[in-house]
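An overview of the molecular structure
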Amino acid sequence: MKVAVIGAGWAGLAAAVRLAEMGVEVVLFEAGRVAGGRARSLEANGFAMLDNGQHLLIDGYAAVFELLRRIDVDADAVFARTPMRWLMADGWQFQAACLPKPLNVLVGLLRGKNASLSEKWRLLCDLLALSWWQRLGSGDKSVADFLAQRRVSAKWRDEFWQPLVWGSLNTPLESASLRILANVLADGLGCDFCLAKGDLGALLVNPALRKLADLGGRFVAQTRVEQLTQINHKYLIKNEKFDNVIVAVAPYHVAGVLPEWGRADFQAAEKDWYYHAITTVYLKYSQEIQLPAMMTGLVYGTAQWLIDRNYLNGNNEIAAVISLSEQYGSLKADEWAAKIHADVLRVSPNLEKPIAFQVITEKRATTAIAINRVPFNQNYLNKKGIFLAGDYLSERYPATLEAAVQSGFQAALMCYAKNSAT
Ligand SMILES: Cc1cc2nc3c(=O)[nH]c(=O)nc-3n(C[C@H](O)[C@H](O)[C@H](O)COP(=O)(O)OP(=O)(O)OC[C@H]3O[C@@H](n4cnc5c(N)ncnc54)[C@H](O)[C@@H]3O)c2cc1C
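Residues numbered from 1 in each chain as written. Predicted model: local features only at pLDDT ≥ 70, side-chain atom pairs only at ≥ 80, totals over all residues. Heavy atoms only, no water.

Remarks on the overall build of the protein chain
- A count of helices and strands for the protein chain gives 15 helices and 20 strands.
- The principal-axis extents of the C-alpha atoms in the protein chain amount to approximately 70 × 50 × 40 Å.
- Residue pairs in contact within the protein chain that sit at least 24 positions apart in sequence constitute 70% of those at least 6 positions apart.
- Roughly 18,300 Å² of accessible area belongs to the protein chain as shown, and the carbon and sulfur atoms make up 51% of that amount.
- Where the 44 positive side-chain charges of the protein chain centre and where its 41 negative ones centre are 3 Å apart. (Helix = DSSP H or I, 4+ residues; strand = E, 2+ residues; numbered from the N terminus. Contact = heavy atoms within 4.5 Å. Areas by Shrake-Rupley, 256 points an atom, 1.4 Å probe, with all protein chains shown as cover. Lys, Arg positive; Asp, Glu negative; His and termini not counted. Charge placed at Lys NZ, Arg CZ, Asp CG, Glu CD.)

Below, the structure written as structure tokens:
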């Protein structure tokens, strides 16, 4: 069996490695110069390699950690790990206690700072109500509706729910799916935070490509696959014939790759999806930075989270994450840098101006995780030997690295099973 995997983001990498492990001949095509997709690494003036966005993982990302094991990467060596810590410099703060889940969260919340005991109790009740609502499987509604029904105060909306939803779903409260948020909390609350000590390319993407090569697979960069055509039940790509194809490109590129007969259905589904931006601002300082934690949140800042990269690579760098960054219009890079430096000064007032900055805006960073979002049904494509992979396919999770890797594994297994059965 010979399979083409189109797109070397994390979904495509996971699919290619998994297929190659099962003895399948795999060719991984990538339009860009490097693999990694939206989580690729890039060179930037004045910095060591940077990622396209500062990525946060949790140790509950089971598929990602499985991929790391499969590509011989020691997760303990590549990640800086801390117990879940919610540290808003200008608001509510808590840290999961060193206890088994969910006790770690319960005790951590009760010990939290900048809130009265009755406020903490209210928050616990709201979290429990959400958990019950999820167990009852009662359809879906927006997070904003849930907060209104629970009469959650503006303080708790701003200091907890909004940063949580923006950070995990990159979707406004008014349209964000409560069902997906409940899944995120059920699986993720109390997990450790993991941040890569170096760039994701060197730590994770390159080892995946090495593993693929060791297993006999091929990686072909700078090769954009055009609309698929079939000859004698084989797909023809760049003069090579393939039995099956895994399409692991972002949702807005899928229709351009699918054959004519598969295009219309996908386009019909995709017209209801929309995207939100994430901007990452990297600042480099000449002085030593000392933020209160590896990740410090701001309730009333431009950035929602400031990551002190000193904890990661020993450099005096900050990565600021701005979810839903389209709300700021089109700022120039130096305007972003000035705004984020002002944020940093609120936490670390003695810092001089940064000596270098890099601003990266990904306009279609993730699909909106909207209420009642219907995942695409790919049965018809599967029958014809095409399998989709990508972060937008998960019914359970928002568009994340975990969703991408899960979908890649699943596509590989479905593709393999189809061929074993025929
Ligand atoms: C700024 C930012 C911050 C983020 N932060 C987090 C985070 O903290 N935690 C988290 O879990 N997730 C985060 N995400 C989401 C995460 O990066 C994505 O969910 C994940 O990278 C998507 O992987 P993918 O393989 O599904 O798609 P992609 O990464 O989009 O990969 C698709 C690949 O296909 C290639 N391609 C497209 N068309 C073709 C073609 N015709 N032929 C060949 N190749 C093609 C593209 O070049 C690309 O490399 C963030 C995303 C962004 C943008």
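Some details on the nonpolar core
- Formed by 101 residues in total, the largest nonpolar core has its most connected members in Trp10, Phe79, Trp161, Leu181 and Ile246.
- No other element matches the nine residues that helix α1 (residues 10-21) contributes to this core.
- The contacts of Leu181, once residues within four sequence positions are left out, are Leu130, Val143, Trp161, Leu164, Val165, Ser168 and Leu169.
- Of all hydrophobic cores here, the second largest spans 26 residues; its members include Ala4, Val257, Phe266 and Tyr275. (Core = buried A, V, L, I, M, F, W, Y, C linked by side-chain atoms within 4.5 Å. Buried < 20%, exposed > 50% of the residue type's maximum accessible area, 1.4 Å probe, protein only.)

Focus: the UniProt feature "domain: Amine oxidase" (unreviewed entry) in the protein chain
- On the UniProt side, "domain: Amine oxidase" (unreviewed entry) is annotated at positions that read residues 11-412 here.
- Helix makes up 39% of residues 11-412 and strand 20%, and the two end C-alpha atoms of the span are 10 Å apart. (UniProt positions renumbered as here; feature names shortened; annotations may be inferred.)

Thoughts on the packing of aromatic side chains
- Within the structure shown, the criterion is met by 16 aromatic pairs.
- Their ring planes at 85° and their centres at 5.2 Å tell us that Tyr252 and Tyr275 sit as a pair that is edge-to-face. With Tyr252 in helix α10 (residues 251-257) and Tyr275 in strand β15 (residues 275-284), the pair connects residues that are 23 residues apart, well separated along the chain.
- We classify Tyr252 as buried; its relative accessible area is 18%.
- Taking the centre distance of 5.6 Å and the plane angle of 70° together, the rings of Tyr328 and Trp336 count as edge-to-face.
- By relative accessible area, Tyr328 is classed as partly exposed at 25%.
- Using a relative accessible area of 3% as the deciding quantity, one classes Trp336 as buried.
- Here a set of aromatic residues connected by ring pairs shows up, and it is made of Trp86, Phe146, Phe160, Trp161 and Trp305.
- Positioned above the aromatic ring of Phe47, the side-chain terminus of Lys284 is 5.8 Å from the ring centre.
- Its guanidinium or amino end placed over the ring of Trp273, Arg373 lies 5.2 Å from that ring's centre, counting from NZ or CZ. (Phe/Tyr/Trp six-rings, centres within 6.5 Å; stacked < 30°, edge-to-face > 60°. Lys NZ or Arg CZ within 6 Å of the ring centre and 35° of its normal.)

Looking at the site of the ligand
- Taken together, 34 residues form the shell around the ligand, and within it Glu30, Arg38, His55, Leu56 and Asp391 come nearest.
- A distance of 3.2 Å separates an oxygen atom of the ligand from a polar backbone atom of Trp10.
- One of the backbone nitrogen or oxygen atoms of Thr400 is found 3.3 Å away from an oxygen atom of the ligand.
- In isolation the ligand offers 1,000 Å² of accessible surface; the protein chains occlude 92% of this area.
- Listing elements by their share of the shell around the ligand, those giving two or more residues are α1, α10, β19 (356-367) and α15 (401-421).
- Considering only residue class, the shell around the ligand consists of 19 nonpolar, 10 polar and five charged.
- A domain-level breakdown of the shell around the ligand finds at least three residues from each of domain 1 (2-73 + 197-273 + 371-421) and domain 3 (275-367). (Near = heavy atom within 4 Å. Polar contact = N/O pair within 3.5 Å; in protein donor to acceptor, adjacent residues only side chain to side chain. Nonpolar A, V, L, I, M, F, W, Y, C, P; charged D, E, K, R; others polar. Domains from an automatic or database assignment.)

What to know about the environment of Asn377
- Tracing the backbone through its elements, the reader meets Asn377 in the loop between β19 and α14 (379-383).
- What makes Asn377 exposed here is its relative accessible area of 53%.
- Sequence-wise, Asn377 and Ala269 are 108 residues apart; in three dimensions their C-alpha atoms are separated by 9.1 Å.

Details of the domain arrangement of the protein chain
- Domain boundaries assigned for the protein chain yield domain 1 (2-73 + 197-273 + 371-421), domain 2 (84-191) and domain 3 (275-367).
- Spacing between the C-alpha centres of domain 2 and domain 3 amounts to 24 Å.
- With 15 residues of domain 2 in contact, the opposing surface of domain 3 contributes 20 residues.
- Of the roughly 1,400 Å² buried where domain 2 meets domain 3, counting both sides, 60% is carbon and sulfur surface.
- Of all residues in domain 2, the largest losses of buried area upon contact with domain 3 belong to Asp90, Trp166 and Asn170, amounting jointly to 44% of the total for that side. (Buried area = accessible area lost by both parts, 1.4 Å probe.)

Notes on the sheet that holds strand β12 (residues 234-237)
- In space, the three strands of this open sheet follow the order β11-β12-β13, with antiparallel pairing throughout. This sheet does not close on itself; its edge strands, each paired only once, are β11 (229-231) and β13 (240-242). Neighbouring strand axes in the sheet, compared pairwise and without regard to direction, differ in orientation by 45° on average.
- Sheet topology places β11 next to β12; three bridges connect them, and they run antiparallel. Within β12, the position partnered with Thr229 by the bridge is Leu236. (Pairing = 2+ DSSP bridges. Axes fitted to C-alpha atoms, helices over the stretch in contact; angles between N-to-C directions.)

Comments concerning the sheet that holds strand β17 (residues 305-308)
- Overall, antiparallel pairing links the five strands, which are arranged β16-β17-β18-β15-β19 in an open sheet. In this open sheet, the two edge strands, each paired with only one partner strand, are β16 (295-297) and β19. Between one strand axis and the next, the sheet turns by 20° as a mean value, whatever way the strands run.
- Examined bridge by bridge, β15 and β19 share nine bridges and lie antiparallel to one another. The residue bridging Ile278 from the neighbouring strand is Glu362, located in β19.
- Along the sheet face, helix α13 (residues 333-347) touches β15, β16, β17, β18 (317-323) and β19 and points at about 70° away from the line of β15.

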